[in-house]
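# Understanding the architecture of this molecule
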Amino acid sequence: MTRRSDNSQSAASKSDTTAQSGWKTWGLVSGVSLISAGLAAYEIVPASVTPLLRESLTIGSTAAGLLVGIMFGTAVITSIPAGAVLDRTNSRNAIAVAVLMLFVVGIWGWIAGKRGNYRSVIASRAVGGVAYVVVWNAGIDIVSRAVSADNRATAVGIFTASGPIGFALGQGLGPIVAELFGWPAIFLAFNSFAFVGLLLFWPTSRGLGHSVGDAPSFEEFESVLRNRNVWIVGVLGFLGYALYLFVNSWGASYLTEEIGLSLGLSGLLVAVFPAVGILSRMSSGLLSDRLFNGQRQPVLLGSFCVAAPLVLCFTYLQSVPVLIALLLVAGFAIQLTLGLSFTYVREVVKPRVAATAVAFQTSVALSGAFLAPIAGGAVVDIAGFDTAFLVAGSLAVCGVVLAWLAPEPARQ
């Protein structure tokens, strides 16, 4: 591209990061985080009322699981195209359109559920997956623009905490909504969070989100996919999400089948693993920006160095208090990577294609989330829990090696 458009981009980037200050910046972060939390709750809420879904729609466990999994699958497929579009358009407007999509698919799913039309419910959820990935990628992009480089990881880390917050809302409130209004109402219940978030986000994001200068060329887009550092960060995200979903999916089963705890108690104990992610994801950027003076690599390396031995030794421990402590520490460590990697990846590319890099990170990372429960189940069936956790721990060791090799990005 010409020097003029590079300078234009640089000036725009500076104006983006200096225009926001004080309450307005954190109003933006809070608003877009509420939107994302509402979508995350919509994403997970069918899991909270699975027996009701199966009975009403006359479906098996696999079909019921697809009601949640379809959104991960859609996000994997559409994330990179969505990021390419965001690099050529206005991220602020894209978030508003995604919230509108959430209302449409919420009403669509509610009507389809009341009619017992499983295929229509699945179709609505697939479209909802597009809305979620747009908010996730555009949210990271616009939050990153709203703050200075010194606070970028902190702000993005707070935004990424909207994921576990939304999961907690969906899991906790879903059964209550279903009991009061019927289970199809779960598809409408969390629109209010997104709407309130949009009311807060829209005025505080004024002037941000514009795509400045010429649209990134195909060569620039291709450069993201050929960038070695992008792939390193992407694989770290894949490993982090794979570990996160493996423990979430099979931890309770292990405690029930091998330790002898009740299913209810096992689920409650394993719930501490994702719950601690709210603190972890918020802390990841703060640790990087403050404790390590803006360095990203030490946090990622520490994340896998702590997680690896804890996952490897999980099945060799029998004490319930020790297992709870292990789940808390492992959950915190693993989710440090999930919080920081989205800041990291946009810093290893040019600002003009930052949204594409974030979209690539989302796609690769969520592939780990999609595959880990399936692959983990296959290993458990073939070789048992000891081998499954050994394989998962080996992935964490691979993360240690890769994080050691990861470069420190240039500050932009």
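Residues numbered from 1 in each chain as written. Predicted model: local features only at pLDDT ≥ 70, side-chain atom pairs only at ≥ 80, totals over all residues. Heavy atoms only, no water.

### Here's the deal with unusual backbone geometry
The backbone phi angle of Thr58 is positive, close to 55°, even though this residue is not glycine. Relative to the helices and strands, Thr58 is located in the loop between helix 3 (50-57) and helix 4 (61-86). For Thr58, a relative accessible area of 71% corresponds to the exposed category. (Helix = DSSP H or I, 4+ residues; strand = E, 2+ residues; numbered from the N terminus. Buried < 20%, exposed > 50% of the residue type's maximum accessible area, 1.4 Å probe, protein only.)

### Describing the packing of helix 7 (residues 152-160) against helix 14 (residues 277-291)
The geometry of helix 7 relative to helix 14 is characterised by a closest axis approach of 6 Å and an angle of 175° between their N-to-C directions. Considering the angle they form, helix 7 stands roughly antiparallel to helix 14. Counted together, Arg152, Ala153, Thr154, Gly157, Ile158 and Thr160 of helix 7 and Arg281, Met282, Ser284, Gly285, Leu286 and Asp289 of helix 14 form the full contact between these two elements. In the contact of helix 7 with helix 14, the residues fall into 4 nonpolar, 5 polar and 3 charged. (Axes fitted to C-alpha atoms, helices over the stretch in contact; angles between N-to-C directions. Parallel < 35°, antiparallel > 145°, perpendicular 65-115°, else oblique. Contact = heavy atoms within 4.5 Å. Nonpolar A, V, L, I, M, F, W, Y, C, P; charged D, E, K, R; others polar.)

### Brief notes about the pattern of salt bridges
Two side chains bearing opposite charge may form a pair once their charged atoms approach each other closely. Here the structure, examined in full by the defined rule, presents 4 salt bridges. The shortest N-O distance in the salt bridge between Arg145 and Asp141 comes to 3.3 Å. Residue Arg145 and its partner Asp141 are located together in helix 6 (residues 118-146), separated by 4 residues, close to a single helical turn. Here the two residues Arg145 and Asp141 agree in accessibility, since each one is buried. A salt bridge links Arg296 to Glu347, with the shortest nitrogen-to-oxygen separation between them at 2.8 Å. Of this pair, Arg296 sits in the loop between helix 14 and helix 15 (297-312) while Glu347 sits in the loop between helix 16 (320-346) and helix 17 (354-383); the two residues are 51 residues apart in sequence, bridging distant segments of the chain. Judged by relative accessible area, which is 0%, Arg296 ranks as buried. Via salt bridges that share partners, Asp141, Arg145 and Arg346 belong to a single interconnected network. (Salt bridge = Lys/Arg side-chain N within 4 Å of Asp/Glu carboxyl O.)

### Here we look at the confidence of the model for the chain
In this model, the chain carries an average pLDDT of 83, and 90% of its residues clear a pLDDT of 70 or more. For residues 1-19, every residue scores under 50 in pLDDT, and the model assigns this stretch 23 contacts once sequence neighbours within four places are set aside. (pLDDT = per-residue confidence, 0-100.)

### Remarks on empty space enclosed by the protein
Under the counting rule described, the total for this entry stands at 2 cavities of 30 Å³ or more. When its volume is computed, the largest cavity comes out at roughly 170 Å³. Taken together, 14 residues make up the lining of the largest cavity; nearest its centre are Tyr132, Phe167, Tyr241, Arg281 and Leu366. Within the residue set of the lining of the largest cavity, elements represented by two or more residues are helix 6, helix 8 (162-181), helix 11 (228-259) and helix 17. Among the residues making up the lining of the largest cavity, the classes are represented as 10 nonpolar, 2 polar and 2 charged. Taken as a whole, the second largest cavity encloses approximately 40 Å³ of empty space. Val247, Phe273, Val311, Phe314, Leu326, Leu327, Ala330 and Phe389 together form the lining of the second largest cavity. Partitioning the lining of the second largest cavity into residue classes produces 8 nonpolar, no polar and no charged. (1 Å grid on protein atoms, 1.4 Å probe; cavity = no way out; pocket = protein on both sides within 12 Å on 5 of 7 lines; lining within 4 Å. Points joined across faces, edges and corners; volume = space filled by probe spheres on them.)

### Structural notes on the environment of Leu169
In this structure, Leu169 sits in helix 8. Accessibility expressed as a relative area gives 22% for Leu169, which makes it partly exposed. Spatially, the C-alpha atoms of Leu169 and Ile44 are 9.1 Å apart, while their sequence positions differ by 125 residues. When near neighbours in sequence (up to four residues on either side) are disregarded, Leu169 contacts Ala41, Gly174, Phe190 and Phe193.

### Brief notes about the packing of helix 6 against helix 17
Each pair of packed helices can be described by the angle between their axes along with the distance between the axes. The N-to-C vectors of helix 6 and helix 17 enclose an angle of 135°; their axes lie 9 Å apart at closest approach. Looking at the two axes, helix 6 sits oblique to helix 17. Of the two possible hands of crossing, helix 6 and helix 17 adopt the one that is right-handed. Residues Val133, Trp136, Asn137, Ile140 and Asp141 of helix 6 form the contact with helix 17, whose own contacting residues are Ala355, Val358, Ala359 and Thr362. Split into classes, the residues belonging to the contact of helix 6 with helix 17 amount to 6 nonpolar, 2 polar and 1 charged. (Left-handed = near helix turned anticlockwise from the far one by under 90°.)

### So, the side chain of Asn227
Here Asn227 is to be found in the loop between helix 10 (218-225) and helix 11. Classification of Asn227 by relative accessible area gives buried; the value is 18%. Excluding residues that lie within four positions of it along the chain, Asn227 makes contacts with Val348 and Val349.

### Section: the packing of aromatic side chains
The tally for this structure, following the rule as stated, stands at 14 aromatic pairs. Between Trp183 and Phe187, the ring centres sit 6.1 Å apart and the planes meet at 80°, which makes this aromatic pair edge-to-face. Taken as a pair, Trp183 and Phe187 share a single burial class, namely buried. For the pair Phe314 and Phe389, a centre-to-centre distance of 4.8 Å together with 15° between the ring planes defines the contact as stacked. Of this pair, Phe314 sits in the loop between helix 15 and helix 16 while Phe389 sits in helix 18 (residues 385-405), and the two are 75 residues apart along the sequence. (Phe/Tyr/Trp six-rings, centres within 6.5 Å; stacked < 30°, edge-to-face > 60°.)

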